[in-house]
Structures are given as structure tokens and as C-alpha cells.
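One-letter residues, chain by chain:
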Amino acid sequence: MLQDKLRDHRVPTARESNGALLGGIRKLAPEIAARAAEMEAARNVPTDLVDRLKSIGLYRIFVPRSHGGLELSLPAGLEVVRSLSRLDGSLGWLAMVAGGGGIFATLTRPETHQRIYQNGPDVPLCGSAQPAGTAKPTANGFRVNGRWPFASGCKQAEWMMGFCVITDENGKPATDAQGQPRVRGVALPAQNWEIEDTWHAAGLKGTGSHHIVLRDALVSETEFFDLAGAACVTGPLYPAVRQLLPMFHGALAVGIAEGAMDDLATVANSGRQQFRAATPMRDSETFQFELGRIAADMKAAQAYYEAATASLWHHALAGTLNDERVVVESTQATIWITATCVRIVDACFELGGSSVVYETSPLPRRLRDIRVAAQHAAAQQRQYATVGKEFLTRSAQDAGRA
Amino acid sequence: MLQDKLRDHRVPTARESNGALLGGIRKLAPEIAARAAEMEAARNVPTDLVDRLKSIGLYRIFVPRSHGGLELSLPAGLEVVRSLSRLDGSLGWLAMVAGGGGIFATLTRPETHQRIYQNGPDVPLCGSAQPAGTAKPTANGFRVNGRWPFASGCKQAEWMMGFCVITDENGKPATDAQGQPRVRGVALPAQNWEIEDTWHAAGLKGTGSHHIVLRDALVSETEFFDLAGAACVTGPLYPAVRQLLPMFHGALAVGIAEGAMDDLATVANSGRQQFRAATPMRDSETFQFELGRIAADMKAAQAYYEAATASLWHHALAGTLNDERVVVESTQATIWITATCVRIVDACFELGGSSVVYETSPLPRRLRDIRVAAQHAAAQQRQYATVGKEFLTRSAQDAGRA
Amino acid sequence: MLHQDQFRDLRTLTAPDSNKTVLSGIRKLAPEIAARAAEIEATNCIPPDLIDRLKSAGIFRLFVPRSFGGLELALPEGLEVIRALARLDGSVGWIAMVAGGGSLFATWEARETYERIYRNGPDVPVCGSAQPTGMAKPTEGGFRVSGRWPFASGCKHAEWMAGFCLITDDNGKPAAGPHGQPVVRGFALPAQNWEIEDTWHAAGLKGTGSHHIVLRDVLVPEANFFDVESGVPCVPGPLYPAVKQLVPMFHSAVAVGIAEGAVDELVALAHTGRQQFRATTPMRDSEIFQLELGRISADLRATQAFCEAQTASLWHHALAGTLNNEDLAVESTQAATWIAAACVRIVDACFTLAGSSAVYETSPLQRRLRDMHVAAQHAAVQQRQYVAGGKLLLARSAQDAGQA
Amino acid sequence: MLHQDQFRDLRTLTAPDSNKTVLSGIRKLAPEIAARAAEIEATNCIPPDLIDRLKSAGIFRLFVPRSFGGLELALPEGLEVIRALARLDGSVGWIAMVAGGGSLFATWEARETYERIYRNGPDVPVCGSAQPTGMAKPTEGGFRVSGRWPFASGCKHAEWMAGFCLITDDNGKPAAGPHGQPVVRGFALPAQNWEIEDTWHAAGLKGTGSHHIVLRDVLVPEANFFDVESGVPCVPGPLYPAVKQLVPMFHSAVAVGIAEGAVDELVALAHTGRQQFRATTPMRDSEIFQLELGRISADLRATQAFCEAQTASLWHHALAGTLNNEDLAVESTQAATWIAAACVRIVDACFTLAGSSAVYETSPLQRRLRDMHVAAQHAAVQQRQYVAGGKLLLARSAQDAGQA
């Protein structure tokens, strides 16, 4: 079944379409490693590094070709996220936001989309998925107030997005036909927003995921958009954000775990011998045993990640992405991959011994980054309940057919 | 990297080459389920079922096309093993032996290989990988004595194989240039062997994996073969048995775990409500949660299995199979997949509650089968030490290159 | 051994080492129990002659009141007996658990019935089933009872059997209690009144003979009934006021015993000098084997400690007269659920480490594996029980916060 | 609380509740410790005024002999203090552990040096490093010592510091003992003799100030040296003859305290009524949350039970005079290794359940996570230590089999 899905999903994009970007990232690698502490201390990526990433194309990976973007295939684009995550968790997170922003932007009206990319495709966007604002209708549009958490990359963003509960003229939440509150997105240039410097976090420190605020901002109807609405451009990536986004987190988690394994291998290959140990780490049979187990976990996570990404891309190409079951599949894969990668990073840290407790080792940062990444709603375990329900439904259907 | 390997490995074999076989298995499914208890009691597969499996082509999946076989691609052939394992662990095991036998047979001399398949490709073979015999040179060949354990399917086998330590004329083990004992395989028609009825096992009961015995048998040089020797036929499957065999166990484990999930879904979808539980299983949020977690484990195991199988087949087609690192990769994947499938089956059994302790439920059989399958040397965890060593070597090389 | 010493002071009501005679009787039986494991599995029960020997050793009188000739052991000492038997054989341990539990349940009977049960002495096997799968229709002098109860371990050697029923009205419709809930009551009858349906074909604990037991329209006198919720025990003694709190730790005693047995057997295998196919050293010299064994042994020690601590806590409550407490039932269930899962993990790990020789039915490790997995399926120790433990913690901390 | 009651009888040497005053002092400090957590992390140490307050509460005299004005608590009662502090804050708990351990190590000194250490009273912070990363060259009246020692927790407030050295010959070449092994000895010097290198920039336990300490060619009198293997304590008392056996449980007290603190904080978060993004109910009403919390709470109870059982066993040996025993060191290490891994698992699970609000540095749960992961990196509790536990089990069972 999976094999069928894997069969031919990579045809439509040129094989090397992400090659230049990956090459650019490789060139930046030593600098990124050297500046990790700086990014953590600044709680943001330095401007010159943002510029460099912009120039190699990071912000255009999922921007439509019609607007000058690369419009990479999903596997090729997420490979970029994974590669940056392997170097640095915060940069990987910002790559995720860069890619996601390009897709989210297609939900806006054509004229807004045009405005966003009027000067070219390299536009950093940011936003927050929680409906933490309200929008009250007025004569010329809506009055919007709100304070949104976790707006990663807001300090370098040129456009920002947030979700609002639409109210009536008295500020009471309006409801749709099913009695649910009406939630809509709003996209505005960065200068309309305030940033509250709140990002003092345990990990992913360099992402600058501050709160963003609108106070009584006048927003026109054209600046609103709907999560369930149609994209303003065509292309396999654009019709279904909710299906694709979880795997962005999968790419990040895999990259961070790969980075932790790199770090552990570096410690071991240095010849380090632990206090009270009879041999250097790398010669210890138990160390090799545990490392072999971790390496197998890593391969399983990579395989699941790649299979799930391929399946999503297959759906995208076949035009079958917009299906609730695909959300469940994608969520399931992301939760599992993230939990496994947390375990891998924990194990790498643990095997590293007492020398890796220092902040000069990259392993504590990996540990903090993956732990904070795993707290995102997209990766939380409790969603397995939905997965289980879906499994039962499917198996009952299968049994009915047999 | 994995993505490259997945790119085009399925081209050389026709897409539907295993279709007829899978269709035949589907037709047999109800009967197999109905006769599970019979197989366990008899500690073997009934002769009429062997005949039916033979007629749908099970014994020819990996026999060279030059000898009338199907010579399926590795993924297509292992799909057959996995499908049968999903129905019944013992049958899956015998399918594994049927497939492996076709590959092992190619290690024999051309004239022996010709003898094996002189009446057609549907020849059941069996054997044992442990060097539990001795071969002493005589005027006309060798005198062979030995008693080999775990000869699955020996009661229906037409040819049998065992490995011997070669001795000098005084019965003292001969050594090769490196001072290692010389171990060679021997293949003889079934009537030359005795069977000792020893297969009283905790699981995989239906495999009839008895001991097979040779007493002072005269074996000619042409009936010997070498594990490291060249295959007597060409074809991507044949040059490297040790690389391929571990994944046979992976296919089996995945199939048994899939079967256990089928069984659990059947229990839950029956509407069963457990003693002291407030709702039927299928409506319990915690049941759904645990089931979702198991289902994610299952998908990860499937993905890793499929990726590793695809990678092996890619190596086979590229002619790069005969590499010690491929043995390590294949072993690593098998150990991880088996351990994960054990956990899945355990969890299915546990979630099934007290009704599944009865032997009329298929779940206890799944539990016993996967546990016994996991004891095979190919799936034992301790081999992770080799994997870890290989990982360190590779990462040191990578670091040297960077 | 050490831990037991530490808890000894709690057992003031009984003479120290009051279980010593029973334990030494068991030690004498040990070689025979080991030798007959295959027979026990094949016949789906403990053979009658072995039941007789176990009876002489005292396993049916562990928790029978001293006033009726029993040993009335302290809880820790009684559970030590069950654990010692489970260490020898899972099914035998389970039967000892049922023997102990049966004598506790019996104290809920009316005094006259209780006296009938033990009129010939304290060594009376009582078995039963906790699920309310029978119906009792009122009639003159009692109830007419019909039902079919699963999992009646030891029914073939039981002298009395107990079951639970929904009480119906005269038309056979379930009656409703004061809050509309069904009315459930238990009852006991001598074994000869019951039919046994030979249904115990199970994956593990085969020797427990946990068949279905059946009554078809049998008259049960009112005096044989008892009330689970509001009933009081008919005999005095610290153990009798609250069975629900105690029963989970009976399961733990069996689980820990099985796990200890599995570790014994793995270690015995290693001591044979066995070297696995493709391994470069004998098991016992492999650093990886030693690491895993060290981890297993740590798991076992943690499990023993938790089991002993919870048992001591229950016994402490029993002596203080505070056993009858809902929170304690949740705590005890939570501990037993954790212990069952830990013992499954321990036994699994022992089996896995043993390699291919453990697949044969002659290997005790594969029997341990099946026994432990089946033991962990009991409703008393299923993982979903953790929900109650989580609720309890939330409630307690809310209280604490309220007080602070 | 219950378990502690059960172990109380073992503390016969000390008045019951001898740690009560210390615990009540800690309770009074609790709000301040919680409020200053961020400051403690930012400054990489416990602020001096808080050290003074902890000193007044008695944490530097827990295990100092009564003959020198100390409390000389029973092991279980002393560790309860450390655990209570770790429950409030991991770094503070760790510092209390070092305070306790330091006073035990000090008993190896020559009596005259010991008297110098405590000449102004029992509240003397002693710190040090267990790794033999110094060299001591014999000279007149003692040794010239140079070295740089890592992980000297609490060095900024210590009054005395200890280190371990390889003894060299006159040319500075390591001397060889009777079996060719290097000769390792410990020594202590007043704090003013040492340099501190500000190296403690760590992922967790930030407040412990575990910097490197350095000596450059300093003369250390012979009287300040002590022998680790063959030395005898210079004061009598059950705790002093064997430090190596006790130290692992000091680590366990910290680990259990951190885990308890994490559970406290998760529960407090649930009680705020918090509802996670996309969740349909508040946390505390979610059945899945309750299940996981029940499982965590069971893990914690098992861990507490194991910790208390091993502590009681050590104390039992201490009272019986049988502490100095290699097997006991292995047992204690095995228990501490298991407890560290279990506490990591518990804290991880608490953090995971807390959802996205726990990522902020204002959340105590992310600090617990970092503290516990760093605490588990200590050589005393690394998983590879299980190898010794496995070997011990094999050796014991071989002995048992020989005796049977």
C-alpha cells in the first residue's frame, strides 16, 4: 500500500531543484555552528545571517513559481528544513516558518498576495495559529485587537498573520451555521504590529517567538482570509495547509535528532574516556550497543518521515490532499516521529556523560530545542485518540468489505 | 539519501508479478484462519495446505526464471511472506523458508542446482544455519555426521541443507588461512536425512522445526557448497544471501504485528465492554489513545521495513549487495523492526483485556509466535553493538571528509 | 530479605516468622512442583495429590481466623507465601492467591454459613468469580439463582464456590436500588451444587483450571447471601473489614513471584555456560548481557520495594482499623497495576535475553512469559485503572492547596 | 508519609523526628526559594544571604557528629531533608547533598585536621571533587600539589575544599602502589588556598556553581591528607566507616525530590484550569491526562519505595556495623542508577503533559527538566553502572547454587 504511494511522486519537480539551497546551507554550516551561542543570547537570528539565508533562497522555497518562488516539491522543501535543523534547531524552526509562510500566504486574496510579493519572492512572514484576537465590524472593515503568542521570526518578518474571532457590533462573538465561532485570519505588513519581547524560553531560544499585538487596528475585508478557503494560486502544495503543516514539524525533529547523533559521534570519536570507565567510549561494547540501538531508532524515524512526506506529496499531486483522514495520518506520523526524536536526543545526551552538561557542548542545546519543539500543539501525544478512532473506523469498513 | 535509493528500484520486475500469488493467498485466508488450531496441534502445516500453497506458487517466488521460477523482486517476494504472516505466523515462517530456500539453492553447484529443480520450480527446501555437523574426507568425498536444530518445514521438504565443520582424516577441525575452522554447506535430497521429532515450542508451533540428522552419510564434493561462494545462476537476488536474509525476518514480524492489530480491531468493533469499564472499548478515549499510539508504531515499522527492503533491492540491482556494511544495515533494520513488532503485539494483547487469554482468540497465538520469532539469532538485540561500531566508523570518515 | 526484616515490626499481632512452617513446607515441595510443571499445564489444573500436599502445608488456612483454626497471618507474611509459590510456578501461586482471597471473601457470609464452611477445619478451598453474571429471583426461603461465571480458578478442587448476582423482581427483571442502580449481591454454595464447564484453554496460567461455573435455577437460601457494599465481616480481625483494598496486592504477590522465578531461570541458564549462536563469549561473560541483567535486577528490586511498601501500608491500616477507605483501594490498585506492568517487562526481558533455547516448551522461561502476560490481563491490574490514580492525585492536591 | 512511618523504627539511635526542626526551617524558607529560582539560575549560585539562611536551618550540620555539635541524623532522616530541598529547587537540593556528603568525607581526615575544620562549630560547608585530577609531589612536611578539579559544587561558599591526587615521586612521575597501580590520596585545605575558575555554564543545576577549582604548586601538610581505601574515620558513629556505599543514595534523594517537585508543578498547572490549544476539555478533566498522571504517580511511588527501601537497608547495615562491604556499594549504585533513570522519565513525562506553556523560562517545569537531565549525568548514576549489578547477581546465584 505504502509502496504504491512511493512509486512515482517525485516526477513533477526537477530533481536538483533544492540542490543550490542545500549547497548554500553547507557553506554556511561552520558559521552557524560558531554563532549558536550568539543566537541563543540574542534570542534571535542575527540580521546578517537572515540576509544570507534570504540570498540563498530560504524564504522562497514554497512561494509559487508564478511569483518568482521555487515552489519546491514537499519532500525537496522539507529537506531544506531538515538540513538547517540538523545544524541548529532555531534556524530549522525559522526555515519551517519561512516555508509555511509561503503556503499560508496563498490563502490571502489575490490582491493581498500580489502586495506581499510585489518586490520579489524573498519575503519573511510570521504568524500565530491561535485565535487570540477579535475583529469587530465597522464601516470600512473591522477593528482588530489581539495579542498572539509564539510569533517566531517576528523581528525579521515583513508581513504578519493572526487569527481572530469575528464579533458582532457589540463585540459578542458571531457564530456560523453550526453554532461555532467564526474564526478568520488577518494579514498585514509588519509595521502595523507591535512586538512584545516575551521570548524567554527553555529552548529554540534563537527563534524570537515573541508575542505580536494589534491595538484597535482598522483592517479591510481584503486583508482577511479563511483557513478553509481556496488558495489564490494553483499548484499541488496550496489547497490544504492543515494536512501539510504537521510534517514540517517532523522534518524539524528528524533534523535535530540527526544533529544530536552527529554531536555524540564527535564526542566519542574524540577518544574521550569517562570517569571510572575502563575504556574510551568508542571502544566500550555497551556504548556501541546503545549507540546501535539509537541509530536504529534514527533510521526508523527517517524512514517513517520520508514515507509520510512521500504519501502527502502523492496526495498533493493526485489532488486528494483535502481530506480529513490525511490530517489524521499526517498528525499521527508527526507525533510518533517527534516522540522518537525526543528519545533519540535524550539518549545521545545521556550517553555523552558528564562532559556534555556544559553549555559549550551542543548537546544541551539539542536537548532543550527538541523538548520545546515537542511541546507544539502539532506534536502532542493526546492526539493519538483521534488516530485510534480513525483506525477503528477504517478497520470496520475493511471488515465490512471483506 | 534514502530518497535517492527509493527512486526507481521497482522497474525491473513487472508490477503485478506477485499479484496472482497474493490473490491466491486472499482466497485461502478463511481456511487458514479456521485451521490455525489444527496446525498448532499437529505442529506442522497439513499436507493438503502445502499442496495448495505450492500450486499458487509459494515455493517458486525466488527460484530463478531460468529454472521456471518467478524470481520476484525482493519487495514483491517479501510482500508474499508478509501477507501469509499476517494470516498466520507459522505459515509466514514457512513462506520465509520457501523463499530463502530458493536463494540458498543457488549457492550449490550447477549440476546440483539442476538436480534440485529437475521436475520444476516448486521444490520445498529446508535447512539449518548452525554449523552443527562435521565432514571428514574419504576416498569418494566426505563422511558427514551431524544433528541440526530448527529445520523448519522439514517434513514437507524435498531437499535439506546443513552446515559442517570440515575435519582432517582424524576428525580434527581443519582451519583456513586465517586459522578459522572451515565451514561448508551440504545439500542432499530429503530421503538421506532423518527427522527427530523435537519441535515442542512455545510459538510458531505449526512450523515443524524439528532436528534433522545425518549419520555417517557419504557426501560427494559436488553436494557441498560455500556460503561465501558465487551463485550458480545470475540475477540480482543471488550474490549475497547474508545481506538479504535478515529482511525476511522483518517481513515476518511486520506481518504478525499487522495480524495482531487486525485481531484487536475485531475485538473492539464487536462492541465488547470490559468488566468494570464505563463504555465499550471502542468508545473509550484511553483505548483510542493507546490504539493510536500502537497504530503509529505500526506505521513506523512498516515504513522502516519498506525503506530497508527498497534499499537492499537497490543495492541488488546496482550490483553493490556484496558489502559487509549492507549486512550491518540489514541486521540493524531487522532487529529494530522485530523489537517494535514484539511491542505492538504485546500492546494489542494487553488492550484486548481478559477475553483474549483464551486460546480461541488468535491474539495469544500472535503473542507466542512473535516472541519465538524474535529469539532467532537474526533478530537478537545484542547485534546492536556491531551497528554502533559501524556508525562510529562512518561518522569518523564523514568528519574526515568534511 | 533485608526489606522483610524492616517490615517485621508491623506484624506485632502475629508471632514473628509465623509463616515459617508454611514456607519450609513449600521448600520441601519445590523440586516436585518444578518437575511436574508440564503435567500441570497439560491437565489444566494442579493434580489432586499436589493439592493435598499444598493443603497439608497450610495454603488454604493462611488467612482463616485463628478462632476457626486458621493461621490468620499478617498480610506481609501471608503474601510472602503466595509469592514464594508463584516463584516456583505461576499457576500454583495463582491458586494460593485464590485460596487466600477466597477465605477473605468468605468472612462476608452470615455467621451460620461461615460456620458451615469451616465446620471440619480451616483447610477449605473456596473459589468464585467476581463478575456479576448471574440473576437471583426472590422466592420463598431465598432466591432461585441462574448464571454462568467465568474465571473460577481452582473450581475443580474447591469445596465451596461464590458468585455475584443481580437481584431481580418476581418477574426476573433486575431490581433497582435506592439510586436506581442494579442491586448486586454475592452468595456461596457447596461445590456439589455447581456445574463446571471445561472452558479453561488459555495462553498461560494453564494450571489454574479457571473454568466457567454454572448454576441453573438453583434454590439458594437467604443465609448464603452477602452484601458487598454495606456488609460487615462475621468474624473479628484486622484483615476482614475491607477486601477490595487487599486484593490488588494479592495479584502483586503473584506477579513479583513470577518475575523472580524468571530471573532465577535466566541466571540458571547463564550458569550452564551457554554461548549463543554467533556470539563471541558465553552469555555470562558478555558485558551486554551483564548490563541488561543489571538493569533487570534493578527493575525487580524496585518492584519488590514497591510491593513491600504498599503491603506494609495496607497492614498498617489494617492494624489501625482504617482499612475501609476508598482512597486506599485506588492506591492499592495503582500499585498493583504498576507492579503488573513492571513484572511483564522483567519477564519479557528475561525471555529475550535467553535466546533461542527458550523457545522450547521444556524451557521454564516461555511458561513464565505466558503466565505473566495472562496474569496481567486481570481486570484488577489493567493499565486503564491508572485513570483513578490520576484523579486521586488531583483531588488530594486540591485539598492540600485548600488547606495551605 | 506512610512509608516514612514504617521506617521510623530503624532510627533508634536518633530521637524520632530529629529532623523536624530542620524540616520546619525549610518549610519557612520555601516561598523565598521558589521566588528566587530565576536569580539562582542567573547568578549560577545560591546567593550568600540564602546560604546563610540555609546554614541557620542546619543543612551543613546534618551529618556532623553530635560530639562536634552536629545533628548526626539517621540516614533516612538526613536524606529526607535533602529530598525536601530538592523538591523546592534542584540546585538547592544538590547543595544540601554536597553539604551532607562533604561532612562525611571530612571524617577521613586526621583527627587534628578534622578538629581544625570544625573548631568554630558544626556549620562548615565543605566541597570537593571526586576525580583524581591533581598531582602531589613529596616535599618536606608534606606535598606540593598542583591540579585542576571539575564539578566542585558550592565552591563559592565552601570554607574547606577537598581534592584527589596522584602521588608522584620526586621527579613528578606517578608513583606505583604494591600492585603497580597509581597511588591516589585525598586532601583538604581551607578555601582561601584555592582558586576558582568560573566554568559552570551548564544546561541545568545552574545554581550549584560547580566550577573548577585549582591549586598551583601549593604546599599541603601531610596531616591534611587522607587515604581513601584503607583509611579509617577519625570519629565514631554508624555513618562514617564507608562513604562509597552511602553516596549513591544522596543522589537518589536529590533525584526523587526533583521528580516530586515536577509532579507538584504539573498538578498545580492542571489546577489552574488550563485548557490546551485545540483540546476539548481543561487538562484536569481529560481522561487521557488522568491516565498519564496516574501512571506518573505510580512511577513516582515505586521510585520513592525503592529509595526508601535501599536507604533503610543502608541504615540497617550502618547500625549493625556492616556497612563496609563491596556488594553493598554495588547494590546502592544499582538502586541509584535505576532511580535516576526513573526520575528522568517522570520529569520528562510531566514536562510533556504540561504543553506549550512549559516552554517559557518562567515555567518551573522546564527548569526541572534541565536539572534532572544534568543530575542524571553524574558518573555515580550512569546506566553503564548496571554491568556491576549484573555481575553481582551472577556471582550471588553461583554461590547460592554452590551452597544448595
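Fair warning: this is a prediction, and the values are worked out from it, not measured in the lab.

A. Structural detail: the overall build of chain C. Across its full length, chain C holds 12 helices and 8 strands. Expected size for 404 residues packed as a compact globule is a radius of gyration near 22 Å; at 22 Å, chain C falls within 12% of this value. Counting only C-alpha atoms, chain C reaches 75 × 60 × 40 Å along its principal axes. Out of the 404 residues belonging to chain C, those deemed buried represent 63%. Relative to all contacts within chain C whose residues are 6 or more apart in sequence, the contacts with residues 24 or more apart total 74%. Carbon together with sulfur atoms contributes 54% to the accessible area of chain C, which is approximately 14600 Å² in total. Both charge centroids of chain C, one from 36 positive and one from 42 negative side chains, sit 3 Å from each other.

B. Spatial organisation of unusual backbone geometry. Phi angles above zero are rare outside glycine, and Leu205(C) is one such case at about 45 degrees. Of the residues examined, Leu205(C) reaches a relative accessible area of 2% and is grouped as buried. Unusually for a residue other than glycine, Phe151(D) sits at a positive phi of about 60 degrees. Examined against the element boundaries, Phe151(D) turns out to sit in strand 3 (residues 142-152).

C. Summary view of the pattern of salt bridges. Per the stated rule, a full pass over the model turns up 122 salt bridges over all chains. A salt bridge links Arg61(D) to Asp123(D); the nearest nitrogen and oxygen atoms lie 2.7 Å apart. A residue pair is termed long-range when its members are at least 10 positions apart, and Arg61(D) in the loop between helix 4 (48-57) and helix 5 (75-88) and Asp123(D) in the loop between helix 7 (111-117) and strand 1 (126-128) qualify at 62 residues. Taking the shortest distance from any N to any O, the salt bridge between Asp198(D) and Lys156(D) comes out at 3.6 Å. With Asp198(D) in the loop between strand 6 (195-197) and strand 7 (211-221) and Lys156(D) in the loop between strand 3 and strand 4 (160-167), this pair connects stretches of sequence that are 42 residues apart. Put simply, Glu31(A), Arg35(A), Glu38(A), Asp48(A) and Arg52(A) are held in one network by salt bridges that share partners.

D. Spatial organisation of helix 4 (residues 48-57) of chain C. Residues and elements named next belong to chain C. Listing the buried residues of helix 4 in full gives Leu50, Ile51, Leu54, Lys55 and Ala57. Relative to the axis of helix 4, the buried residues are bounded by an arc of 155 degrees and lie together on one face. Residues of helix 4 that are exposed and point more than 90 degrees away from the buried face comprise Pro48 and Ser56. Of the surrounding secondary structure, the elements contacted by the buried residues of helix 4 are helix 2 (20-35), helix 3 (37-42), helix 5 (75-88) and helix 6 (90-106). Backbone geometry just after helix 4 places glycine 58 at a positive phi near 110 degrees.

E. How the structure looks around the interface of chain D and chain B. Taken together, the contact pairs 5 residues of chain D with 6 residues of chain B. Carbon and sulfur atoms make up 59% of the surface buried where chain D meets chain B, a total of about 480 Å² over both sides. Three residues stand out in chain D for area buried against chain B, namely Glu287(D), Ile288(D) and Leu291(D), and they jointly supply 78% of the buried area on that side. The tally of links between chain D and chain B comes to 2 salt bridges. Where Arg295(D) meets Glu290(B), a salt bridge forms, and the shortest distance between an N and an O atom there is 3.0 Å. Across the chain D-chain B interface, the total number found is 3 residue pairs in polar contact (both at pLDDT 80 or more). For the side of chain D that touches chain B, the residue count by class is 2 nonpolar, no polar and 3 charged.

F. Spatial organisation of the packing of helix 9 (residues 285-318) of chain B against helix 10 (residues 324-352) of chain B. All names here are of chain B. Running from N to C, helix 9 and helix 10 point in directions that differ by 160 degrees, and their axes come no closer than 10 Å. Regarding the angle of helix 9 to helix 10, the classification is roughly antiparallel. The two elements helix 9 and helix 10 cross, and the hand of that crossing is left-handed.

G. Quick look at the environment of Leu246(C). Residues and elements named next belong to chain C. Considering the arrangement of structural elements, one finds leucine 246 in helix 8 (residues 243-271). Residue class for leucine 246 comes out buried when judged on its relative accessible area of 0%. Excluding its chain neighbours within four sequence positions, the residues that come into contact with leucine 246 are Leu75, Leu104, Leu239, Leu314 and Leu323.

H. Up close: the environment of Pro364(C). Position of Pro364(C) relative to the elements: it lies in helix 11 (residues 364-375). Pro364(C) sits 154 residues away from Ser210(C) along the chain, and the two C-alpha atoms are 21 Å apart.

I. Main features of the domain arrangement of chain A. All names here are of chain A. When cut into domains, chain A gives domain 1 (2-107), domain 2 (125-225) and domain 3 (245-395). A separation of 25 Å is found between the C-alpha centroids of domain 1 and domain 2. Each partner contributes to the roughly 1500 Å² buried at the junction of domain 1 and domain 2, and carbon and sulfur atoms together form 60% of this total. Counting across the interface, domain 1 meets domain 2 through 2 salt bridges. The interface formed by domain 1 and domain 2 includes 7 residue pairs in polar contact (both at pLDDT 80 or more).

J. Representation of the side chain of His249(B) within the structure. Structurally, His249(B) is set in helix 8 (residues 241-269). Not counting the four nearest positions on each side in its chain, His249(B) is found in contact with Trp93(B), Met96(B), Thr334(B), His376(B) and Ala378(B).

K. Broad picture of the packing of aromatic side chains. For the structure on display, the rule yields 53 aromatic pairs over all chains. Seen from their ring centres, Phe150(B) and Tyr360(C) are 5.7 Å apart, and the 20 degrees between their planes marks the pair as stacked. Remark: Tyr360(C) occurs in the loop between helix 10 (326-354) and helix 11 and Phe150(B) occurs in strand 3 (residues 141-151); the pair is interchain, linking two chains. The class of Phe150(B) is partly exposed, set by a relative accessible area of 24%.

Quick notes on the rules
Residues numbered from 1 in each chain as written. Chains lettered and ligands numbered in written order. Predicted model: local features only at pLDDT ≥ 70, side-chain atom pairs only at ≥ 80, totals over all residues. Heavy atoms only, no water. Helix = DSSP H or I, 4+ residues; strand = E, 2+ residues; numbered from the N terminus. Rg over C-alpha atoms; globule rule 2.2 N^0.38 Å. Buried < 20%, exposed > 50% of the residue type's maximum accessible area, 1.4 Å probe, protein only. Contact = heavy atoms within 4.5 Å. Areas by Shrake-Rupley, 256 points an atom, 1.4 Å probe, with all protein chains shown as cover. Lys, Arg positive; Asp, Glu negative; His and termini not counted. Charge placed at Lys NZ, Arg CZ, Asp CG, Glu CD. Salt bridge = Lys/Arg side-chain N within 4 Å of Asp/Glu carboxyl O. Arc of directions from axis to C-beta. Buried area = accessible area lost by both parts, 1.4 Å probe. Polar contact = N/O pair within 3.5 Å; in protein donor to acceptor, adjacent residues only side chain to side chain. Nonpolar A, V, L, I, M, F, W, Y, C, P; charged D, E, K, R; others polar. Axes fitted to C-alpha atoms, helices over the stretch in contact; angles between N-to-C directions. Parallel < 35°, antiparallel > 145°, perpendicular 65-115°, else oblique. Left-handed = near helix turned anticlockwise from the far one by under 90°. Domains from an automatic or database assignment. Phe/Tyr/Trp six-rings, centres within 6.5 Å; stacked < 30°, edge-to-face > 60°.

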